[in-house]
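In case you want the letters, here they are:
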Amino acid sequence: MNTHSCEKSDLVRDYAFDELAPAERKSLEQHLTGCSDCAAELDRLRLTTAVLRVIPDQEVPRRIAFVSDAPPARRWFVPNLGFASACVLAAAISFSAYRFTAFSNAAPAAPVAPVTQTAQLSQSQIEQAVTKAVSDAVAKTHADDVQMTDAALKAVESKYAQQQNQVMVAAQEYLDLQKKQLHTYNTLYNSDTRPGVSQ
Amino acid sequence: MKPLALITLTAALTTIATAATLGASTEPVVSLSALRTVETFTNEKFATETIGLSRNVSGDPWDLVGTARGTWLPSYGAIFTFELSLVTVTPPSPFHPVISKEEIKSDHDRKVAKLVVFKDTMRDLVVRAATSLTTLPSDESIIFEAYFFSFSFEDRNHLPRRLTMTANRQKLLDAVARKATPAELAALIEEREE
């Protein structure tokens, strides 16, 4: 990136890539001794060049072949629809050419501009319709994702809350149990009704 | 004058005698000490497993939650009530928040199996109380009532919350005298589960 403001910065780049004439080269070398910005720029360019030289060159493939699946076995008893379509298309083109020639001879040519305008308008409408359809589809997908995420999140939260509630209820019950047990132990060991103590 | 003095003296003596009669404390037919004896051996029976006093603790001890307390209701009988958990159950905690169905089923199965043992033990206590409460009128009853503790997450199917055993003292004494079998004694004890 060229960040300095010296007017000879373009010459520095050409110098780095050895694209200067000998006279220009000599002149720039003199300039480099006095301009620190250009000298720094030259160092950066040399570093970049060195890095690029380290990267191995990739051999460009001489030939690329696309291999499709094997065509299905030809069955001769099936009508050749491709050939028939070609024939129909050729007939239609010939007929249209004939009609166009006859129409041209019979009447002056229709203005082209409205047709072109109609075609452009149709193209514009198509683009708008496609853009709108894509936007709608993206919006619907996004809405579906948000809805599914919300539903999943609510399910997880509900399950977690249920677990927490169960733990809290059990903790309260366990606390009550501990109180009762403590009272039981106190009763047994701090009174004359404890086991093993005869009256 | 003499008759008046005689009447006055008689009234004073009567007042003193009445006061002496009212102030005298009479021992209940079933004394508190007798009730305490039954409470003690009942607690000992269930608390030994809980606290580990007995060396013959089974592998799945019950847990005495509330000690036995007894009372006597004249012309009805002696009633003893206590609370326990048939087995110890581990509740959920932040480190083990969800009790699995397998764990709940395991706890339930352990309690159902322990209930059978508990009933035998409780019948023995009823018979023992009948022989211990010597001052209890023989036509009155011995009642033992157990409340079972359980957590709300447990499966309580086929498990009572309360078990009551009632028996006529005289019938029990007669059965003990003729050395009745445990099955014959059990037939004399009415059980009620709720």
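Structure's up top.
Within each chain, residue numbers correspond to sequence positions counted from 1 in written order. As they are written, the chains are lettered A onward and the ligands numbered 1 onward, keeping that order. With pLDDT at 70 or above as the cut-off, local features in this predicted model cover only qualifying residues; side-chain atom pairs require 80 or more to be listed or tallied, and sums for whole chains, interfaces and linings still use all residues. Water and hydrogen atoms were dropped before computing side-chain values, which therefore reflect all heavy atoms in the structure.

**Student:** Before we go on, may I ask you to explain the overall build of chain B in this structure?
**Tutor:** Secondary structure follows DSSP: runs of H or I at least 4 residues long count as helices, runs of E at least 2 residues long count as strands, and numbering of each begins at the N terminus. Along its length, chain B carries five helices and five strands. Going from N to C terminus, chain B has its helices and strands arranged as α-α-β-β-α-β-β-α-α-β. For the exposure calls, accessible area comes from a 1.4 Å probe over protein chains only, and a residue counts as buried if that area is under 20% of its type's maximum, exposed if over 50%, partly exposed in between. Expressed as a percentage of the 194 residues in chain B, the buried residues total 42%. Contacts are assigned to residue pairs that have any heavy atoms within 4.5 Å of one another. For chain B, restricting intrachain contacts to residue pairs at least 6 apart in sequence, the fraction spanning at least 24 positions comes to 67%. All accessible-area figures derive from a Shrake-Rupley calculation using a 1.4 Å probe, and residue coverage is judged against the displayed protein chains alone. As displayed, chain B offers around 10,800 Å² of accessible surface, 59% of which is attributable to carbon and sulfur atoms.

**Student:** Looking at this structure, how should I read the nonpolar core?
**Tutor:** One recurring pattern in soluble globular proteins is that nonpolar side chains are buried together. Residues and elements named next belong to chain B. Among the nonpolar cores identified, the biggest contains 40 residues, and Phe82, Leu84, Phe118, Leu133 and Phe144 are the most heavily contacted of them. At the level of secondary structure, the elements contributing two or more residues to this core comprise α2 (32-51), β1 (63-73), β2 (77-85), α3 (101-132), β3 (141-148), β4 (162-168) and α4 (169-177). Contacts of Leu133, omitting those with residues within four sequence positions, involve Val30, Ala34, Leu35, Val38, Ala78, Phe80, Ile142 and Arg169. Nonpolar cores were defined as sets of buried Ala, Val, Leu, Ile, Met, Phe, Trp, Tyr and Cys residues, with membership established by side-chain atoms within 4.5 Å.

**Student:** How should the pairing of β3(B) be read in this particular structure?
**Tutor:** Each regular strand shows side chains that alternate between the opposite faces of the sheet. Residue and element names in this part refer to chain B. Of all eight residues that make up β3, seven are buried, and the element is covered over most of its length. We call two strands paired when DSSP finds no fewer than two bridges between them. Sheet topology places β2 next to β3; eight bridges connect them, and they run parallel. Within β3, the residue paired with Phe82 across the bridge is Ala146. A crossover counts as right-handed when, viewed with the strands pointing away from the observer, the path leading from the first strand over the helix to the second turns clockwise. Taken together, β2, α3 and β3 form a β-α-β motif whose crossover is right-handed. Of the pairings in the sheet, the one linking β3 to β4 comprises seven bridges and is antiparallel in character.

**Student:** Mind showing me how you'd approach a nonpolar patch on the surface here?
**Tutor:** Residue and element names in this part refer to chain A. Excluding any residue in a salt bridge, patches collect residues exceeding 30% relative accessible area, merging like charges within 9 Å and nonpolar Val, Leu, Ile, Met, Phe, Trp and Tyr side chains within 5 Å. Any Lys or Arg side-chain nitrogen found within 4 Å of a carboxyl oxygen on Asp or Glu counts as a salt bridge. On the surface, Ile126, Val130, Val134 and Val138 cluster together into a nonpolar patch covering about 350 Å² of accessible area. Inspection of the secondary structure assignment puts Val130 in helix α5 (residues 112-189). A residue is classified by how much of its surface remains accessible, and Val130, at 46% relative accessible area, is partly exposed.

**Student:** Teacher, can you tell me more about the packing of helix α1 (residues 9-16) of chain A against helix α2 (residues 22-34) of chain A here?
**Tutor:** The axes of two packed helices give the description: the angle between them and the distance between them. Residue and element names in this part refer to chain A. Axes, fitted as lines to C-alpha atoms, cover a helix only where it is in contact. Angles between the N-to-C directions of the axes lie from 0 to 180 degrees. Packing of α1 against α2 brings their axes to within 11 Å, and their N-to-C directions diverge by 115 degrees. The handedness of the crossing between α1 and α2 is left-handed. The segment α1 lies against α2, with Leu11, Val12 and Tyr15 engaging Arg25, Leu28, Glu29 and Leu32. Class assignment for the residues of the contact of α1 with α2 results in five nonpolar, no polar and two charged. It is the rotation of the near helix from the far one that decides the hand of a crossing: anticlockwise by less than a right angle makes it left-handed, clockwise makes it right-handed. When residues are grouped by polarity, Ala, Val, Leu, Ile, Met, Phe, Trp, Tyr, Cys and Pro land in nonpolar, Asp, Glu, Lys and Arg in charged, and all others, Gly among them, in polar.

**Student:** Help me understand unusual backbone geometry in this model?
**Tutor:** Phi at Asp18(A) takes a positive value of approximately 60 degrees, unusual for a residue other than glycine. Looking at the element boundaries, Asp18(A) is found in the loop between α1 and α2. For Asp18(A), a relative accessible area of 55% translates into the label exposed. The phi dihedral of His158(B) is positive, around 65 degrees, even though this residue is not glycine. Mapped onto the fold, His158(B) is located in the loop between β3 and β4. Overall, His158(B) belongs to the exposed group, its relative accessible area being 70%.

**Student:** Help me out: how do you make sense of the pairing of β1(B) in this one?
**Tutor:** All names here are of chain B. Counting buried positions over the eleven residues of β1 gives eight, a clear majority of the element. The sheet contact formed by β1 and β2 spans eight bridges and is antiparallel. Each bridged residue has a counterpart across the sheet, and for Trp72 the counterpart in β2 is Ala78. Hairpin connection from β1 to β2: three residues lie between these consecutive antiparallel strands, with Ser75 at a positive phi of about 65 degrees.

**Student:** Explain the packing of aromatic side chains here, please?
**Tutor:** The relation between two aromatic rings is expressed through the spacing of the ring centres and the mutual angle of the planes. Residue and element names in this part refer to chain B. Pairing of aromatic side chains requires ring centres within 6.5 Å, counting the rings of Phe and Tyr and the six-membered ring of Trp. Pairs whose planes differ by under 30 degrees are stacked, by over 60 edge-to-face, and all others tilted. Here the structure, examined in full by the defined rule, presents ten aromatic pairs over all chains. Ring centres 5.9 Å apart and planes at 85 degrees place the aromatic pair Trp62 and Phe118 in the edge-to-face group. A residue pair is termed long-range when its members are at least 10 positions apart, and Trp62 in the loop between α2 and β1 and Phe118 in helix α3 qualify at 56 residues. A residue is classified by how much of its surface remains accessible, and Trp62, at 4% relative accessible area, is buried. Given a relative accessible area of 0%, Phe118 falls into the buried group. Each residue in the set Phe46, Trp62, Phe82, Phe118 and Phe148 is aromatic and connected to the rest through ring pairs, giving one cluster. Across the ring face of Trp62, the terminal group of Lys114 is positioned such that the distance to the ring centre comes to 4.6 Å. Placement of a charge over a ring requires the Lys NZ or Arg CZ to be within 6 Å of the ring centre, with the centre-to-atom vector within 35 degrees of the ring normal. The ring centre of Phe41 lies 4.1 Å from the NZ or CZ of Arg128, which sits over that ring.

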